[in-house]
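One letter stands for each residue in the lines below.
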Amino acid sequence: MTHPTEDALLSFALEVIEDPSAQEAIAAHLAGCPECAAHWSRLQRELGIIGGLRPRGRRLAMPGTQPRPARAMVLLRAAALLVVGFALGLGAAERAHRAPAFVAPAYMTLAPPPDSLRPYAVAEGTDAGLALRSSRRMVPSCRR
Amino acid sequence: MVQAAGSREVAAAWTVFERARQGDAAAWRELTAQYQARLTALALFVTRSPAAADDVVQETFARALRTRTTHRSGSVPGFLGTIAYRLAVKEAQRGRRYSDIAALDLPDERAGQLEEMLSAERDRQVAAAIGRLDQVHRHVLALRFYGGHSYEEIAELLQVPLGTVKSRIFYAVQACRKMLSGEGLRE
């Protein structure tokens, strides 16, 4: 058998030959040909050099090995937290002491009506007088 | 026989991984001693930045150990390599947006950084040769030699036909050999 070409030997070394019979033929030749076997050994060493770089990386910190919780679990936890928080807030609101609401009355002092309106003015101290003090809406109607 | 030994090794690697996942510091040291350098190389050839490569590797281990699922069907280096590759590609895309402007003034800066982490002269020249490959060939080479992926896994990861992956790895290695031959590095 003729010697295999360098490309054929490299293909054999890289295990990229598709045809099984071609592979077997090269393997058989290498077993019986010291010259090609030496060439084959050189190729192997070269491949070892190309694939043998070992760059110095930085010292790695051992990562935490706790598995990351699944997304669904995260959402579920957030929802549960929301519900619990809402329930607690509701309970606290129910138990809270509620004092009766106190609204301070607001009084306003109206200027005395002009003389033209005096006949329509109500007397101080009556119900109508109180209503007049607390509402300006009565004034336009008085103008009529 | 060889296959049985291989499957035992794969199972042993997963056992170490599982122990590290449960917080065993000795297993963690074993895991990083075994895979950190090659993952760093993989990330380095994709991102072309030592700082980014370090971040990618740290994040790779963090994500791998946090994972809930068991990946007994593949190998530990393949599992870690896939995470590292995806993170590195994202990092490279993010980095490209910022580095393009800088690259106008300092075209060789990133090539210098690529070799920064390698001590031996020969290693630096090999890294430079791989760094000079175009992206598609560089990525396939990095995944095959440093990611611990099979050709089938690379084809799936890159979404390209198996034949394309094989021709790319052949071309990538051939190109590296030529470059290194020119520098007198081939034995």
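Provided above is the structure to which this section pertains.
About the criteria used
- Residues numbered from 1 in each chain as written.
- Chains lettered and ligands numbered in written order.
- Predicted model: local features only at pLDDT ≥ 70, side-chain atom pairs only at ≥ 80, totals over all residues.
- Heavy atoms only, no water.
- Helix = DSSP H or I, 4+ residues; strand = E, 2+ residues; numbered from the N terminus.
- Buried < 20%, exposed > 50% of the residue type's maximum accessible area, 1.4 Å probe, protein only.
- Contact = heavy atoms within 4.5 Å.
- Areas by Shrake-Rupley, 256 points an atom, 1.4 Å probe, with all protein chains shown as cover.
- Buried area = accessible area lost by both parts, 1.4 Å probe.
- Salt bridge = Lys/Arg side-chain N within 4 Å of Asp/Glu carboxyl O.
- Core = buried A, V, L, I, M, F, W, Y, C linked by side-chain atoms within 4.5 Å.
- Axes fitted to C-alpha atoms, helices over the stretch in contact; angles between N-to-C directions.
- Parallel < 35°, antiparallel > 145°, perpendicular 65-115°, else oblique.
- Left-handed = near helix turned anticlockwise from the far one by under 90°.
- Phe/Tyr/Trp six-rings, centres within 6.5 Å; stacked < 30°, edge-to-face > 60°.

Quick rundown of the overall build of chain A? Include the residues and the values.
Scanning chain A for helices and strands turns up six helices and zero strands. The helix and strand sequence of chain A, counted from the amino end, reads α-α-α-α-α-α. Within chain A, the proportion of its 144 residues that are buried is 21%. A sequence separation of at least 24 residues applies to 49% of the contacts in chain A between residues at least 6 apart. With the model as given, the accessible surface of chain A reaches about 11,200 Å², and the carbon-plus-sulfur share is 61%.

Give a description of the overall build of chain B that names residues and reports values.
Across its full length, chain B holds nine helices and zero strands. Along its sequence from the N terminus, chain B presents helices and strands in the succession α-α-α-α-α-α-α-α-α. Taken over 187 residues, chain B has a buried fraction of 49%. Taking as baseline every contact in chain B between residues at least 6 positions apart, the subset at least 24 positions apart corresponds to 65%.

Can you tell me about the interface of chain A and chain B, naming the residues and giving the values?
Contacts between the two partners involve 34 residues from chain A and, on the opposite side, 48 residues from chain B. Both faces combined, the contact of chain A with chain B buries some 3,700 Å², and carbon together with sulfur accounts for 59% of it. Summed over the three residues of chain A that lose the most area to chain B, namely Ile50, Leu53 and Leu60 of chain A, the buried surface amounts to 19% of that side. Linking chain A with chain B are five salt bridges. Here Glu18 of chain A ties to Lys166 of chain B by a salt bridge, and the two come within 3.4 Å at their closest N and O atoms. For the side of chain A that touches chain B, the secondary-structure elements that each account for two or more residues are helix H1 (6-14) and helix H3 (34-50) of chain A. The element contributing the most residues to the side of chain A that touches chain B is H3 of chain A, with seven residues.

Summarise the nonpolar core; cite the residues concerned and give the values.
In terms of nonpolar packing, the biggest core is built from 73 residues, with Leu14 of chain A together with Ile130 and Leu141 of chain B touching the most fellow members. For Leu14 of chain A, the contacting residues outside a window of four places in its chain are Leu47 of chain A together with Arg144, Phe145, Tyr151, Ile169, Phe170 and Val173 of chain B.

Give a description of the packing of H1 of chain A against H3 of chain A that names residues and reports values.
Residue and element names in this part refer to chain A. Running from amino to carboxyl end, H1 crosses H3 at an angle of 55°, the nearest separation of the two axes being 10 Å. Classed by the angle they form, the pair H1 and H3 counts as oblique. Relative to H3, the crossing made by H1 is right-handed. Residues Glu6, Leu9, Leu10, Phe12, Ala13 and Leu14 of H1 lie in contact with H3, whose contacting residues are Cys36, His39, Trp40, Leu43, Gln44 and Leu47.

Go over the packing of aromatic side chains, please, and point to the residues and values.
Residues and elements named next belong to chain B. Within this structure, the stated rule accounts for six aromatic pairs over all chains. Ring geometry for Phe17 against Phe79: centres 5.7 Å apart, planes inclined by 85°, an arrangement best described as edge-to-face. Note that Phe17 is positioned in helix H1 (residues 2-21) and Phe79 in helix H4 (residues 76-105), a separation of 62 residues in sequence. The exposure class assigned to Phe17 is buried, which follows from its relative accessible area of 3%. Plain terms: the ring middles of Phe45 and Tyr146 are 5.6 Å apart, the flat faces sit at 50° to each other, and that makes the pair tilted. Note that Phe45 is positioned in helix H2 (residues 25-47) and Tyr146 in the loop between helix H7 (135-145) and helix H8 (151-158), a separation of 101 residues in sequence.

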